[in-house]
Amino acid sequence: MLINGSPNKNGFSMTLADAIFDENTVHHAYEMSIESCTDCGFCDKRPACIFDDDMDAIISALHHDDTLILASPIYFGALSDKLLAILNRLQMLFKKKFTHKQEIPDIKRLYIVATCGAGNAVMFDGAHLTLTILKQLFNAETARLFTLKGTDAMHPETLTKDKAHLIDHYRSIVRQ
Ligand SMILES: Cc1cc2nc3c(=O)[nH]c(=O)nc-3n(C[C@H](O)[C@H](O)[C@H](O)COP(=O)(O)O)c2cc1C
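Worth saying up front: this structure is predicted, and the values here are computed from it rather than measured.

About the criteria used
- Residues numbered from 1 in each chain as written.
- Predicted model: local features only at pLDDT ≥ 70, side-chain atom pairs only at ≥ 80, totals over all residues.
- Near = placed C-beta within 6 Å.
- Helix = DSSP H or I, 4+ residues; strand = E, 2+ residues; numbered from the N terminus.
- Nonpolar A, V, L, I, M, F, W, Y, C, P; charged D, E, K, R; others polar.
- Pairing = 2+ DSSP bridges.
- Right-handed = clockwise from strand over helix to strand, strands pointing away.
- Buried ≥ 20, exposed ≤ 12 C-beta atoms within 10 Å, placed from the backbone.
- Core = buried A, V, L, I, M, F, W, Y, C linked by C-beta atoms within 7 Å.
- Expected span 1.5 Å × (residues − 1).
- Contact = placed C-beta atoms within 7 Å.

Now for the site of the ligand. Around the ligand, 17 residues are found, and the nearest of them are Gly 11, Ser 13, Pro 73, Gly 117 and Ala 118. Listed by contribution, the elements that provide at least two residues to the shell around the ligand are helix H1 (12-21) and strand E3 (67-75). When grouped by side-chain class, the residues that make up the shell around the ligand number nine nonpolar, eight polar and no charged.

The structure is reproduced here in structure tokens:
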């Protein structure tokens with residue numbers, strides 16, 4: 001499954017994610033109603049979340065897939081706030097696994113596709129750390145970060161025009 005963390009469905013992040021993965025099951029973070037984690041402590045006491053919202057659909061989908069792809073623009077050096085809201089709610093799974101010693105979804109492959117406007121790859125440091133944290137949570141076999149910097153000087157169409165080259169380049173990394 002793919003979670004699109006960009007408000008732009010045809011922007012750089014989704015164009016790149018589509019080119020690499022061709023994934024059909026897409027959840028658009030900006031169309032979902034997701035409360036922010038408030039560190040209320042509910043999941044310390046039981047393996048559940050106090051909020052009843054679209055996060056249920058994400059958790060349920062995670063149970064039915066072993067691959068999780070996140071696509072996101074970099075906003076202020078991090079994944080987008082809507083995507084981070086979803087990831088913060090996965091704190092419940094940390095508690096379920098490590099406090100309550102219960103099974104969590106079995107995600108084997110984790111990918112983050114991130115794009116940023118600046119030409120400086122340091123912008124992806126936050127995404128890299130997030131990937132490391134997710135890998136630890138799910139004990140995933142594979143965790144990869146695909147990045148495209150310098151989008152301020154590009155148009156998403158330039159990605160699709162050169163799609164064959166793009167797919168070759170990134171898919172060769174997927175296979176590694
Ligand atoms: C609110 C906001 C914050 C941004 N912050 C950064 C940033 O910190 N560093 C950067 O390189 N680009 C930043 N950008 C540019 C986006 O990361 C870039 O345009 C991205 O490729 C957009 O992806 P999308 O087309 O998938 O939405 C920002 C853009 C917005 C709208």
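What follows concerns the pairing of strand E6 (residues 142-148). Summarising the sheet, strand E5 (residues 109-115) and E6 pair through seven bridges and their orientation is parallel. Pairing of Leu 110 across the sheet is with Ala 143, part of E6. Read as a crossover between parallel neighbours, the route from E5 over helix H6 (residues 125-138) to E6 is right-handed.

Next up on the list: unusual backbone geometry. For residues besides glycine, phi is generally negative; the peptide bonds are generally trans as well. A positive phi is found at Asp 22, a non-glycine position, where the angle reads about 50°. Inspection of the secondary structure puts Asp 22 in the loop between H1 and strand E2 (26-28). Residues other than glycine seldom take positive phi values, yet Asp 39 does so here, at roughly 50°. Residue position: Asp 39 is located in the loop between E2 and helix H2 (42-45). By C-beta crowding, Asp 39 is classed as exposed, having 10 other C-beta atoms within 10 Å.

Of all nine residues that make up E3, seven are buried, and the element is covered over most of its length. Pairing between E3 and E5: seven bridges, direction parallel. From the neighbouring strand, Thr 67 faces E5, where its bridge partner is Arg 109. Of the pairings in the sheet, the one linking E3 to strand E4 (residues 78-79) comprises two bridges and is antiparallel in character. When the bridges of E4 are listed, Ile 74 appears paired with Leu 79.

Here we take up the nonpolar core. By size, the foremost hydrophobic cluster in this structure holds 42 residues, and its most contacted members are Leu 16, Ala 17, Ile 69, Val 113 and Ala 114. Secondary structure elements with two or more residues in this core: strand E1 (2-4), H1, helix H3 (55-63), E3, helix H4 (81-89), helix H5 (91-99), E5 and H6. For this core, the leading source of residues is H1, giving six residues.

In this model, H6 (14 residues) spans 20 Å end to end at C-alpha, consistent with the 20 Å of a helix rising 1.5 Å per residue. Following H6 by one or two positions, Asn 139 has its phi on the positive side, about 55°.

The next subject is the environment of Lys 135. By the element assignment, Lys 135 lies in helix H6. Sequence separation of Lys 135 and Leu 110 is 25 residues, and the distance between their C-alpha atoms is 7.2 Å. Once residues lying within four places of it in the same chain are set aside, the contact partners of Lys 135 are Leu 110, Ala 140 and Ala 143.

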